[in-house]
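What follows is each chain in one-letter form.
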Amino acid sequence: QTYNHPLRPQFHFTPETHWLNDPNGMVYFDGEYHLFYQHHPESTVWGPMHWGHAISRDLVRWEHQPIALYPDHNGFIFSGSAVVDWQDTSGFFDGGAGLVAIYTQTEMIEGTDESKQRQSIAYSRDNGRTWTPYAGNPVLTDESYPDFRDPKVFWHEASKHWVMVLAAGDRLFLYTSADLLDWTFASEFGAAEGSHDGVWECPDLFALPVDGRKGSEKWVMIVSIGDNEQLPEGSRTQYFIGEFDGKTFVNDNAPDTILWMDHGRDNYAGVTWSDAPGNGEDRLLIGWMNNWKYANLIPTGEWRGAMTLPRKLSLEHRAGGIRLIQHTPDALNELRLGGTEWSDLTVQPGDNLPLVEQGELLELAVEFELGAASEFGFKLKSGMHNDEEYETIVGYDASAGELFIDRSRAGESAFHPQFACKHGAPLGASNGRIKLRMWVDRSSLELFADDGALVMTDQLFPHAGNDRIELYAVGGSVRVVSLQLNPLQSVYA
Ligand code: FRU
């Protein structure tokens, strides 16, 4: 019954009840994907943070676990990571392997709004079921930085040490360690690079081969940037491509180059799984499908906050340089119920060609051939509510060469003045064609274009029963070369 709410995601991770923000501590161990998350177990707004926990064997179905980390005398439990300590460098595991979590603890300074942020660790000897904070916490302190958080740790095989990337306001600090307990400052990155529209948070650093060629690795640095009240975009995530020698990251691009991981409004604080089976060939990421601009206000039920779908990351040469490519992992395809295919369909202006009346949960893949239409695409989640029409538009503006989502009439939006909006990103048509793939849940839309190089993730809060999906064209016709529509199964079915 808790999962029946008309806006409750049916194939995205949500907490059973109460507040969720960043994904934390993602690690794969012994056949299990662990997902921890920023959690307030007593409220549907942000507050004293804990680490919630869930486990999946397939990245599709998640089993809720007891809370992994509780606030203690060192403070609340903010974001961080987890690793498998294969060689027992920490000494917590009697020579075997076990899990170590590395996270920020935030202690409020009495009588002020200020806090101290320090890094702590905890270990688990029972496959993540229970956690013991290290008696010597915190393991890393530097009180000259009020923002000093979100440690992401990985083992750097070439230099045989652990590396930590940490956000410190407008830059990242990198540290190294032999044992996860003692950390030495190595370098900093970013004060004059990329976007500084907001405070830097939740970094990640990992290597991926370029175009799948072994020996062609580049390093990807992911950095989330916090909300800026002056800008409509709110919190979002950028990435850098470069080189890393075990201590220092060097950006390949000009300092003012900005690469966005997602052009939608609702993908934040995403980081990748440590020790996942495919790591090195690709990399699995999950993000928080929300935006600090209105995260505390979204009109959900007894839960508030969801994760994006997991994303498989790779690097490819594209026009403009090397780009981060995102696809959904194949595991999700098992959610497909028998689909329908269309080919060679012409959409005339004014057609509003209905594809399905009840497209609540679906995956859709389409290829359009541009014609005379100045604009075309889909209207989804469309229907009536209190005598008014609602719809979300996924459209292509052919004259501007821009793919856009228009959620200004998507449904409920009164909770924040900037939620109702239309936003887009440049997308060129190759050979006069564009290909889109999208995943639609009860209250979200993930749109993949340009073979995974352009992604837009948006929340939608449609009124109950508004589930029609139709094709439209403006100013001329457009040809649908092919279209596959798969209704999806709920993971709670
Ligand atoms: C990012 C963030 C992190 C912090 C956490 C607190 O969304 O602000 O920087 O650790 O959320 O919940």
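Predicted model only: the values in this text are computed from it and were never measured.

Rules of the game
- Residues numbered from 1 in each chain as written.
- Predicted model: local features only at pLDDT ≥ 70, side-chain atom pairs only at ≥ 80, totals over all residues.
- Heavy atoms only, no water.
- Pairing = 2+ DSSP bridges.
- Helix = DSSP H or I, 4+ residues; strand = E, 2+ residues; numbered from the N terminus.
- Axes fitted to C-alpha atoms, helices over the stretch in contact; angles between N-to-C directions.
- Buried < 20%, exposed > 50% of the residue type's maximum accessible area, 1.4 Å probe, protein only.
- UniProt positions renumbered as here; feature names shortened; annotations may be inferred.
- 1 Å grid on protein atoms, 1.4 Å probe; cavity = no way out; pocket = protein on both sides within 12 Å on 5 of 7 lines; lining within 4 Å.
- Points joined across faces, edges and corners; volume = space filled by probe spheres on them.
- Nonpolar A, V, L, I, M, F, W, Y, C, P; charged D, E, K, R; others polar.
- Salt bridge = Lys/Arg side-chain N within 4 Å of Asp/Glu carboxyl O.
- Phe/Tyr/Trp six-rings, centres within 6.5 Å; stacked < 30°, edge-to-face > 60°.
- Lys NZ or Arg CZ within 6 Å of the ring centre and 35° of its normal.

**Some thoughts on the sheet that holds strand S33 (residues 468–474)**
- Read across the sheet, 6 strands follow the order S24-S33-S26-S27-S28-S29 without closing on themselves; strand pairing throughout is antiparallel. At either end of the open sheet lies a strand with only one pairing partner, and these are strand S24 (353–356) and strand S29 (422–426). Averaged over all pairs of adjacent strands, the angle between their axes in this sheet comes to 20°, without regard to strand direction.
- Pairing geometry for S24 and S33, over 3 bridges, is antiparallel. Bridge assignment links Leu353 to a residue of S33, and that residue is Leu471.

**Topic: unusual backbone geometry**
- The amide bond that connects Asn137 to the next residue, Pro138, takes the cis arrangement and shows omega of -5°.
- The topology assignment puts Pro138 in the loop between strand S8 (132–133) and strand S9 (149–156).
- Located in the positive-phi region is Leu59, a residue other than glycine, with phi close to 70°.
- Tracing the chain through its elements places Leu59 in the loop between strand S3 (50–56) and strand S4 (63–69).
- Taking relative accessible area as the criterion, Leu59 reaches 6% and is therefore assigned buried.

**Notes on the UniProt feature "domain: Glycosyl hydrolase family 32 C-terminal" (unreviewed entry) in the chain**
- Here, the residues flagged by UniProt with the feature "domain: Glycosyl hydrolase family 32 C-terminal" (unreviewed entry) are residues 347–485.
- Annotated as 0% helix and 60% strand, the span residues 347–485 places its first and last C-alpha atoms 17 Å apart.

**What to know about the layout of surface pockets**
- When its volume is computed, the largest pocket comes out at roughly 670 Å³.
- Elements represented by at least two residues in the lining of the largest pocket include exactly strand S5 (76–85), S9, strand S13 (200–209), strand S14 (217–225) and strand S21 (311–318).
- Looking at the lining of the largest pocket residue by residue, the classes come out as 13 nonpolar, 8 polar and 8 charged.

**A closer look at the pattern of salt bridges**
- The full count for this structure, using the stated rule, is 33 salt bridges.
- The partner of Glu188 in a salt bridge is Arg171, with the nearest N and O atoms 2.9 Å apart. With Glu188 in strand S12 (residues 184–189) and Arg171 in the loop between strand S10 (161–167) and strand S11 (172–177), this residue pair connects regions lying 17 residues apart in the sequence.
- Overall, Glu188 belongs to the partly exposed group, its relative accessible area being 38%.
- Owing to a relative accessible area of 22%, Arg171 belongs among the partly exposed residues under this scheme.
- Bridged by salt links that share partners, the residues Asp344, Glu367, Glu369, Arg433 and Arg479 form one connected network.

**Focus: the packing of aromatic side chains**
- Counting across every chain of the model gives 42 aromatic pairs.
- Here a set of aromatic residues connected by ring pairs shows up, and it is made of Phe13, Tyr28, Tyr33, Tyr37, Trp62 and Trp273.
- The side chain of Arg407 reaches across the aromatic face of Phe419, ending 3.7 Å from its centre.
- A cation over a ring is seen here: Lys422 above Phe404, with NZ or CZ 4.2 Å from the ring centre.

**Thoughts on the UniProt feature "domain: Glycosyl hydrolase family 32 N-terminal" (unreviewed entry) in the chain**
- In this numbering, the UniProt entry assigns the feature "domain: Glycosyl hydrolase family 32 N-terminal" (unreviewed entry) to residues 12–326.
- Secondary structure content for residues 12–326 is 0% helix and 49% strand, while the C-alpha to C-alpha distance between its ends is 17 Å.

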